[in-house]
Amino acid sequence: MDNDTKQEFGEIAQNIAPYGIMMAIFTLFYSVWFCFAWGALGKILFALTVAYGVCIVFLSIKNIKHAKRFKAVPSEEGKKIAKSMTIVSAITYPAMTVCVVMLVAFHLEKLILPAVTFVIGLHFIPLAKIMNRKIDYFIAPVPIVFSLLASYLAFTTAISWVEVYAVAGIGGAIATMIYGAYMLNAYKKVAQKYGVEYP
């Protein structure tokens, strides 16, 4: 492998490797509500997501260490993707903040996590085009559907806000768990593509 190819692999690998850790953290954020909403069953489900998250983190750290062996030089394509990602983030997080503030102002705190989950689901759609990934189109509907279901239950039933959050959290947890596993597999495929020994 020549130096340019190593640098190309280094850029891609170092971008992919940390994503699993972020997804594991988000999974715990979404699934922790299971403990408070569904008693023993909720605690079991949360424990399973913790175990899953620990595996994802362990394998991601392994990939990060592997990726650091290669020098990463930003390419024009990489810079373009980074710029697009910045734009998506600049729209997503302020929109999320405005939603939360408005819900608090109107005493609709029960809908905060469904709203957050809905926005996160929507943000997967432009990522599909930016990153040229079809999986985002399949992931996006999951948090969106569960956020809408949670909102519906909040308005039509007497369930507690914790249960509403838990329902919304199902969608977020499923999406982030799938995405975490996908990114680990993506790292492996990139290594194989460039003929790099995978750890």
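Coordinates for the structure precede this section.
Residues numbered from 1 in each chain as written. Predicted model: local features only at pLDDT ≥ 70, side-chain atom pairs only at ≥ 80, totals over all residues. Heavy atoms only, no water.

Engineer: Mind laying out helix H3 (residues 39-67), listing which residues take part and the relevant values?
Structural biologist: When the terminal C-alpha atoms of H3 are compared, their 41 Å separation across 29 residues agrees well with the 42 Å that a helix rising 1.5 Å per residue should span. Among all positions of H3, only Gly 42, Phe 46, Thr 49, Gly 53, Ile 56, Ser 60, Asn 63, His 66 and Ala 67 are buried. (Helix = DSSP H or I, 4+ residues; strand = E, 2+ residues; numbered from the N terminus. Expected span 1.5 Å × (residues − 1). Buried < 20%, exposed > 50% of the residue type's maximum accessible area, 1.4 Å probe, protein only.)

Engineer: If you had to explain unusual backbone geometry to someone new, which residues and values would you point to?
Structural biologist: At His 107, a position not held by glycine, the phi torsion is positive, near 55 degrees. For His 107, the position within the fold is in the loop between helix H4 (76-105) and helix H5 (112-131). If you check the backbone angles, Asn 132 has positive phi at about 55 degrees while not being a glycine. On the secondary structure map, Asn 132 appears in the loop between H5 and helix H6 (135-139).

Engineer: Mind laying out the environment of Lys 193, listing which residues take part and the relevant values?
Structural biologist: For Lys 193, the location among the structural elements is in helix H8 (residues 161-193). As a C-alpha pair, Lys 193 and Cys 55 span 138 residues in sequence and 24 Å in three-dimensional space.

Engineer: How would you explain the environment of Lys 189 if you had to name every residue and give the values?
Structural biologist: Structurally, the position occupied by Lys 189 is in helix H8. A sequence separation of 128 residues divides Lys 189 from Ile 61, and the C-alpha atoms of the two residues are 17 Å apart.

Engineer: Account for the pattern of salt bridges, naming residues and giving values.
Structural biologist: Summed over all chains, the structure comprises 2 salt bridges. Its salt-bridge partner being Glu 76, residue Lys 79 comes within 3.7 Å of it at the nearest N-O pair. Of this pair, Lys 79 and Glu 76 are both found in helix H4, 3 residues apart, which corresponds to roughly one turn of the helix. Classification of Glu 76 as exposed rests on a relative accessible area of 62%. Asp 136 serves as the salt-bridge partner of Arg 133, at 2.8 Å between the closest nitrogen and oxygen. Overall, Arg 133 belongs to the buried group, its relative accessible area being 9%. (Salt bridge = Lys/Arg side-chain N within 4 Å of Asp/Glu carboxyl O.)

Any link to function would need more than the numbers given here.
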